Each structure stands twice: as structure tokens, then as C-alpha cells.
Amino acid sequence: MTVIEEYIATCPEDHQTKLIQLYTLIKELVPEATEKISYGMPTFYLNGNLVHFGNAKHHVGFYPAPSGIEAFKDELKDFKTSKGAIQFPFNQELPLEIIKKIVLFRVSENMK
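For the structure given in this document, a descriptive report is provided here. (Residues numbered from 1 in each chain as written. Predicted model: local features only at pLDDT ≥ 70, side-chain atom pairs only at ≥ 80, totals over all residues. Heavy atoms only, no water.)

Examining the packing of aromatic side chains
For step 1, the next point in the chain: One pass over the structure, following the stated rule, counts four aromatic pairs.
For step 2, the next point in the chain: Judged by centre distance (5.6 Å) and plane angle (90°), the rings of Phe 72 and Phe 105 are edge-to-face. On the criterion of sequence distance, the pair formed by Phe 72 in the loop between helix H3 (65–70) and strand S5 (80–81) and Phe 105 in helix H4 (residues 96–110) is long-range, its members being 33 residues apart.
For step 3, the next point in the chain: Its relative accessible area of 24% is what places Phe 105 among the partly exposed residues.
For step 4, the next point in the chain: Note on Phe 79 and Phe 88: the rings are 5.2 Å apart at their centroids and 85° apart in plane angle, and the pair reads as edge-to-face.
For step 5, the next point in the chain: The class for Phe 79 is buried, based on a relative accessible area of 13%.
For step 6, the next point in the chain: Given a relative accessible area of 1%, Phe 88 falls into the buried group.
For step 7, the next point in the chain: Three or more aromatic residues joined by ring pairs make a cluster, and in this case those are Phe 62, Phe 79 and Phe 88. (Phe/Tyr/Trp six-rings, centres within 6.5 Å; stacked < 30°, edge-to-face > 60°. Helix = DSSP H or I, 4+ residues; strand = E, 2+ residues; numbered from the N terminus. Buried < 20%, exposed > 50% of the residue type's maximum accessible area, 1.4 Å probe, protein only.)

So this is what it looks like as C-alpha cells:
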């Protein structure tokens, strides 16, 4: 079991499905990234922190750095965002296509 899988296993059962879905997507997109816990959250690392995510009471927190939010702000207008965070409510489907674009954007940034 990876450190991220251990983190997910400690979360409420009704939250685990979405956390696993997000984890699996990122892992498939960036298999070369290192997995760790940073700032108390699951983190993918590739030439620096790539993205973080975490369990909250009512949402999955996704942290792709401010640049990852700014680049896709129009596509994220239906979600609560702040400078470095996006909230994906547990009562909605994860926007997998948007997440995929953001992760790949962050990979291209970190590879420069």
C-alpha cells in the first residue's frame, strides 16, 4: 500500500471512492511522478510538487498551484476556487477532463 493509499484508507468510507478516482487518474497520467505526503496531503512530485489533494468535510480539495487554476479559470467557474485550491463537492461527479488538463499543464510547467 502506498502512502497515498494509506491516507485514503483513513478517510470516511463515503469519501474514498472519489479520492481513489482522483488518485488513479493522476497516477495514470503521470506514472513517473513520486508519491508522498506533503503538507499533510497526498502529493505527486515531478521536478517539484506537481499537485496535492485532500479530503475535506464536504469536498475534495485539489491544489494544482495558482498557475493551474489561473490557466483553466473559465472551465472552473462552476467550482469554488481560491489562489491555490479548487473544491470538488462530494455530491457531484469529479470533472475528470478538467482535472486531466490541469495535471498535464502542471507536468509541462514542471518539466521546463
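What about the environment of Glu 35?
For step 1, the next point in the chain: Considering the arrangement of structural elements, one finds Glu 35 in strand S1 (residues 34–38).
For step 2, the next point in the chain: Of the residues examined, Glu 35 reaches a relative accessible area of 22% and is grouped as partly exposed.
For step 3, the next point in the chain: When the C-alpha atoms of Glu 35 and Ile 4 are compared, they prove to be 6.9 Å apart, with 31 residues separating the residues in sequence.
For step 4, the next point in the chain: If near-sequence neighbours (up to four positions away) are discounted, Glu 35 is found in contact with Thr 2, Val 3, Ile 4, Tyr 23, Lys 27, Thr 43 and Phe 44.
For step 5, the next point in the chain: Polar contacts involving the side chain of Glu 35 include one to the side chain of Thr 2, which spans 3.4 Å.
For step 6, the next point in the chain: Within the structure, the side chain of Glu 35 is placed 2.8 Å from the side chain of Tyr 23, a separation counted as a polar contact. (Contact = heavy atoms within 4.5 Å. Polar contact = N/O pair within 3.5 Å; in protein donor to acceptor, adjacent residues only side chain to side chain.)

Here's the deal with the packing of helix H2 (residues 13–29) against H4
For step 1, the next point in the chain: At a minimum axis separation of 10 Å, H2 and H4 run at an interaxial angle of 45°. Accordingly, the angle class assigned to the pair H2 and H4 is oblique. Classified by chirality, the crossing of H4 by H2 is right-handed. Where H2 abuts H4, its residues Gln 21, Leu 22, Leu 25, Ile 26 and Leu 29 lie against Leu 96, Ile 99, Lys 100, Val 103 and Leu 104. (Axes fitted to C-alpha atoms, helices over the stretch in contact; angles between N-to-C directions. Parallel < 35°, antiparallel > 145°, perpendicular 65-115°, else oblique. Left-handed = near helix turned anticlockwise from the far one by under 90°.)

Brief notes about the nonpolar core
For step 1, the next point in the chain: The biggest cluster of nonpolar side chains holds 31 residues, and the ones touching the most others in it are Phe 44, Phe 53 and Phe 62.
For step 2, the next point in the chain: Of all the secondary structure elements, the ones that give two or more residues to this core are helix H1 (3–9), H2, strand S3 (49–55), strand S4 (59–63), strand S6 (86–89) and H4.
For step 3, the next point in the chain: Setting aside anything within four residues of it in sequence, one finds Phe 62 in contact with Leu 22, Ile 26, Val 51, His 52, Phe 53, Gly 84, Ala 85, Ile 86, Phe 88, Ile 99, Ile 102 and Val 103. (Core = buried A, V, L, I, M, F, W, Y, C linked by side-chain atoms within 4.5 Å.)

In short, shape yes, function no, at least from these values alone.
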